[in-house]
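Examination of the molecular architecture
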Amino acid sequence: MHASPRPPLFGLALLAVAFLLPQAAQAAIPAAPVMTLYKFNGPLTVPTYRIGANGPGARAGTLTQGTAVIPCLVVRNGRALTDAKGTPYVGFEVVVDSSRASGQSATRDFERALAAQQGKRVQNHHCGPGVSRVVSVRDFYQLEKSPFFDPPGRGDQNAAERAGKSTLDKIVRSFHNSPQCASVNKRMTGRRAKLASAWDSFIARNKGQWDDTTLARAKHLDYAMRTAIFEGHLDRGCSAYGACERNTVVLSVRNRAVGQCLRRQGCRFPGDFQGVASDVSQYNIWDAYLTMISGLTACYLRTDLENRDFYDRVQAMYTQSVGDAERILYGGDAALQDLFPGNSLSELTAMRHYYHPPAMGKCFPQHNRIEYMSGAVAENGPDHALIANTRIQVGERVGSGYRFKEFRFEMEDRVDDIRIEDNYPGFIVDARKVRLGGGGGCTAYGVSPGCSFRKVGRYRRTPGWLSAGRPVALNCRIEDQGESCRGGGRTRSVSVGGACDVDMMPVTGVH
């Protein structure tokens, strides 16, 4: 929060006048948040509309996925502009236009706006006079990840090749330090397609140095490694559990392209690890917006970035796991049984699905009357507030709405740190957006209902396909280098999964 300026010492008379100002003139509620246009695996653009007399008017332009805005409420004759169910059509001020943004200036613009809005309190969320277009608030989410761009610079391809432990590893490192890779993350949009084109160009340029099969295998290995690193929890670093988790992800990629090759899972031909690993429906980290805020399509193995924060850890994670990944993809059954000791070959080759329980649908059965607001209007006399992409605790009914408090939480290690905050005193949220239906399908930590815990720190929903398969614990014996990736490297036996693993759940036998 910004500190309030100290009033000038102009005498008691003026201070007395200040205290007599109407209460309505004092800032009372949090400013509207920075929100991002995002629909998972949705169309690149959504239409915007002119403000009509009683609703949205004629179509007037578009916004591109990943665009960040500050929304506002259009209020006419004392009523906010909504659809028949109470969902607001919001005006907006563009913070970052993803269709035009390039370079780290976009990152700085986003971070400045985010900090400014988080530290501001206002009287209401009404639009100013310059706002002329609206869009449904359902298309926006309050996401605090800033646009991601690699720092300027260039790696050394020759040095990168020398660092590789195998031919495929050498090629992957060479690609990351190539001009072809450098073109992928220059703009926010289209990164998945640009990475594929960059690999095609790199392969065409290097056919004289390596044969076609070897180059293709290196490309598939790169995709599998990108997916394994960013599907896992980056903070686990080079711990034995983190490395075993990456091996589990690579195994799922392998099994969706070997022995079974389904087009609906991204597989175009047997052994198509690239197609499977980068299919958005299978690994949602490849969604267009998510590639804008992560290093998934970055040249993260650039030699000139090896000592920078984030890059040094991701490079170490890659180095720790790439040998195992190559063996999982291309080493055959013997390699699988060696890398996952104690697991049967049949359960290893049938493991195609997994989920991360902490990332599943949030639910709070230990609290009453909790509602998720995708978008609603709250009123306090003439003032209107946008309540969007947040949870509330619903209070008593008042006329056409309910009193409410914000229900906020931070996800700690094994607990949801919950806060209930009265940030909108006096405001009444539109009853049309309140269901009071309760939530079902919750289990402790989002794992099997049969698991028993002495104390439960969070609840999550489980995927619909969980009962179609069998949770399995995958065993690894891995050199543990610690979460910082600077550990001594003691070899440890570790398991990922099993019916009650609250962090990752591999499931075998799901079709």
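Conventions we followed
- Residues numbered from 1 in each chain as written.
- Predicted model: local features only at pLDDT ≥ 70, side-chain atom pairs only at ≥ 80, totals over all residues.
- Heavy atoms only, no water.
- Patch = residues over 30% accessible without salt bridge, like charges linked within 9 Å, V, L, I, M, F, W, Y side chains within 5 Å.
- Areas by Shrake-Rupley, 256 points an atom, 1.4 Å probe, with all protein chains shown as cover.
- Salt bridge = Lys/Arg side-chain N within 4 Å of Asp/Glu carboxyl O.
- Lys, Arg positive; Asp, Glu negative; His and termini not counted.
- Charge placed at Lys NZ, Arg CZ, Asp CG, Glu CD.
- Helix = DSSP H or I, 4+ residues; strand = E, 2+ residues; numbered from the N terminus.
- Buried < 20%, exposed > 50% of the residue type's maximum accessible area, 1.4 Å probe, protein only.
- Axes fitted to C-alpha atoms, helices over the stretch in contact; angles between N-to-C directions.
- Left-handed = near helix turned anticlockwise from the far one by under 90°.
- Contact = heavy atoms within 4.5 Å.
- Nonpolar A, V, L, I, M, F, W, Y, C, P; charged D, E, K, R; others polar.
- Disulfide = S-S within 2.5 Å.
- Phe/Tyr/Trp six-rings, centres within 6.5 Å; stacked < 30°, edge-to-face > 60°.

1. A word on a negative patch on the surface
- Taken together, the side chains of E144, E410, E412, D413, D417 and E483 make up a negatively charged region of the molecular surface.
- Structurally, E483 can be placed in the loop between β24 (473-480) and β25 (490-497).

2. Concerning the pattern of salt bridges
- This model, assessed by the stated rule, comprises 21 salt bridges.
- Its salt-bridge partner being R100, residue D97 comes within 3.8 Å of it at the nearest N-O pair.
- Under the relative-accessibility criterion, D97 is labelled partly exposed at 25%.
- According to the relative accessible area criterion, R100 is exposed, its value standing at 65%.
- Here R403 ties to E396 by a salt bridge, and the two come within 3.2 Å at their closest N and O atoms.
- Residue R403 is classed as partly exposed on the basis of its relative accessible area, which comes to 36%.
- What emerges from the salt-bridge pattern is a single network uniting R236, E245, R414 and D503.

3. Details of the packing of helix α8 (residues 240-257) against helix α11 (residues 311-330)
- Direction vectors running N to C along α8 and α11 enclose 35°, while the axes themselves pass 9 Å from each other. The crossing of α8 and α11 is right-handed. On α11, the residues touching A243, R246, N247, V250, L251 and R254 of α8 are M317, Q320, S321, D324, A325, I328 and L329.
- A class-by-class count of the residues in the contact of α8 with α11 yields 7 nonpolar, 3 polar and 3 charged.

4. Details of the state of the cysteines
- Counting across every chain of the model gives 7 disulfides.
- Linked covalently through their sulfurs, C181 and C299 form a disulfide whose S-S length is 2.2 Å. What sets the handedness of the C181 and C299 disulfide is the S-S torsion sign, and at about -120° it is left-handed. Taken together, the residues C181 in helix α5 (residues 179-182) and C299 in the loop between α10 (288-293) and α11 connect sequence positions 118 residues apart.
- Using a relative accessible area of 0% as the deciding quantity, one classes C181 as buried.
- The buried category is assigned to C299, whose relative accessible area is 4%.

5. With respect to the packing of aromatic side chains
- For the structure shown, the criterion picks out 19 aromatic pairs.
- Taken together, the ring pairs connect Y38, Y141 and Y289 into an aromatic cluster.

6. Quick look at the environment of Y318
- With respect to the helices and strands, Y318 occurs in helix α11.
- Each C-alpha atom, one on Y318 and one on N41, is 27 Å from the other, the two residues being 277 residues apart in sequence.
- Excluding residues within four positions of it along the chain, Y318 makes contact with D169, V172, R173, M225, I229, Y300 and L301.

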